[in-house]
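Reading the structure
Now for the letters of each chain:
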Amino acid sequence: MTSECSFPDCGRPVESSGRCQTHNRQARSGKPLRPIQNYDRGLPDFARFMLRVDKDPSTGCWNWNRPVEDGGYPRFSFGTQRVYAHRWIWEHFNGPIPSGHDIDHIHHCGCVNPAHLRVCTHGQNGQNLVIQKDNKSGYRGVSFHKASGLWHARVKKGGVTHSFGYFKTPEEAGEAAAEGRRELFTHSTN
């Protein structure tokens, strides 16, 4: 008699009926037997982490391939802890994050490539916010000015709004706003 579960590639010890405890529970439920989800149990944390990543050769991004929770930031569990994936991978490669600092995503919040992350202050982290959902121009810091019939480029820093001019097209205003962010902010990438 075999000591491993009869379900293909399970490898867990038999409890009874030639199946492991989990596959017996599935059989009792009346549903078809299926692979057990925690297939990565026993792997080192880094190996488990990398199973959750798809590397994009065109961008170099390590895109999280699991569902994300509210806020759009991937989470990773090890032991009984749940942590933000970008913070975990940063600490794995670089050590502790300095007190009072954040980890900034240079590309997008689903990318966990440590080469695409950087330490920053909370204020610096806010310099690369995404476009608001209600934005009509398609460009960050650009809105339509009805009185003039032109697109207005603005950047807010430290509670002060800086105007970078009025333009005929949202594209021109978008470039002016991006240039303004690069001029005013130390960590602006867009």
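Before any of the text, the structure's been laid out above.
The residue numbers shown here count from 1 along each chain, following its written sequence. Reporting in this predicted model follows two pLDDT cut-offs: at least 70 for local features of residues, and 80 or more for side-chain atom pairs to be given and counted; totals over whole chains, interfaces and linings ignore these cut-offs and use all residues. For side-chain calculations, the full set of non-hydrogen atoms in the structure is used, while hydrogens and water are omitted.

A run of H or I in DSSP becomes a helix once it reaches four residues, and a run of E becomes a strand once it reaches two; helices and strands are each numbered from the N terminus. Across its full length, the protein chain holds five helices and nine strands. Starting at the N terminus, the α and β elements of the protein chain follow one another as α-α-β-β-β-β-α-β-β-α-β-β-β-α. Relative to its full complement of 190 residues, the protein chain shows a buried share of 33%. A sequence separation of at least 24 residues applies to 35% of the contacts in the protein chain between residues at least 6 apart. When the accessible area of the protein chain is evaluated, it comes to approximately 12,100 Å², of which 53% is carbon and sulfur surface. Remark: exposure states derive from per-residue accessible area (1.4 Å probe, protein chains only) relative to the maximum for the residue type, with buried under 20%, exposed over 50%, and partly exposed in between. Any two residues whose heavy atoms approach within 4.5 Å are treated as being in contact. Only the protein chains shown count as cover for residues, with accessible areas throughout obtained via the Shrake-Rupley method and a probe of 1.4 Å.

Let us now look at the environment of Pro-8. Along the chain, the position of Pro-8 falls in the segment before helix H1 (21-29). Pro-8 sits in the exposed class, given a relative accessible area of 57%. The sequence separation of Pro-8 and Arg-34 amounts to 26 residues, and the corresponding C-alpha distance is 9.5 Å.

The next thing to look at is the sheet that holds strand E8 (residues 150-157). Pairing is antiparallel across the open sheet formed by three strands, whose spatial order is E7-E8-E9. Each edge of the open sheet carries a strand with a single partner, namely strand E7 (142-145) and strand E9 (160-167). When strand polarity is set aside, the average angle formed by the axes of neighbouring strands in this sheet is 35°. At least two DSSP bridges between two strands are needed for those strands to be called paired. Across four bridges, E7 lies against E8 in antiparallel orientation. Counted as the bridge partner of Val-142 is Ala-153 from E8. Axis definition: a line fitted to C-alpha atoms, limited for helices to the stretch in contact. Angles are taken between N-to-C directions and run from 0 to 180 degrees.

Right, let's get into the state of the cysteines. A disulfide bridge is the covalent bond that connects two cysteines by way of their sulfur atoms. By definition, disulfides here are pairs of cysteine sulfur atoms that lie within 2.5 Å. Considering all chains together, one arrives at zero disulfides under this definition. Not engaged in a disulfide, the cysteine Cys-109 finds its nearest cysteine sulfur in Cys-111; these two sulfurs lie 10.0 Å apart.

This brings us to the pairing of E9. Here E8 runs beside E9; their pairing, made up of six bridges, is antiparallel. Bridging from a neighbouring strand, Trp-151 pairs with Phe-167 of E9. The turn joining E8 and E9, which pair antiparallel and follow one another in sequence, is formed by two residues; a positive phi near 60° is taken by Gly-158.

Moving on, we come to the nonpolar core. Ranked by internal contacts, the top residues of the largest apolar core, which has 14 residues, are Phe-49, Val-53, Trp-64, Ile-89 and Val-112. When residues of this core are traced back to their parent elements, those giving at least two are helix H2 (45-50), strand E2 (62-64) and helix H3 (85-94). For Ile-89, the contacting residues outside a window of four places in its chain are Phe-46, Phe-49, Trp-62, Val-112, Pro-114 and Leu-117. Think of a nonpolar core as a cluster: buried Ala, Val, Leu, Ile, Met, Phe, Trp, Tyr and Cys residues, connected wherever their side-chain atoms sit within 4.5 Å. Membership of the second largest hydrophobic core comes to six residues, among which are Trp-151, Ala-153, Ala-173 and Ala-176.

What makes a salt bridge here is a side-chain nitrogen of Lys or Arg within 4 Å of a carboxyl oxygen of Asp or Glu, nothing more. Within the structure shown, the criterion is met by four salt bridges. Asp-45 is the partner of Arg-48 in a salt bridge, and the nearest nitrogen-oxygen pair spans 3.2 Å. Pair noted here: Arg-48 and Asp-45 are both in helix H2, with a separation of three residues, about one helical turn. For Arg-48, a relative accessible area of 12% corresponds to the buried category.

So, about the packing of aromatic side chains. Stacked, tilted and edge-to-face are the three classes applied to pairs of Phe, Tyr and Trp rings, where Trp contributes its six-membered ring and a pair requires centres within 6.5 Å; stacked means planes under 30 degrees apart, edge-to-face means over 60, and tilted covers the rest. For the structure on display, the rule yields eight aromatic pairs. Ring geometry for Tyr-73 and Tyr-84: centres 6.1 Å apart, planes at 80°, overall edge-to-face. With Tyr-73 in the loop between E2 and strand E3 (75-78) and Tyr-84 in strand E4 (residues 81-84), the pair connects residues that are eleven residues apart, well separated along the chain. On the basis of relative accessible area, Tyr-84 is assigned to the partly exposed category, the value being 35%. In our convention, an over-ring charge means Lys NZ or Arg CZ found within 6 Å of a ring centre and within 35 degrees of that ring's normal. For the cation-ring pair, Arg-75 lies above Tyr-84, with the distance from its terminal atom to the ring centre recorded as 4.6 Å.

Remember, this is a structural readout, not a statement about activity or role.
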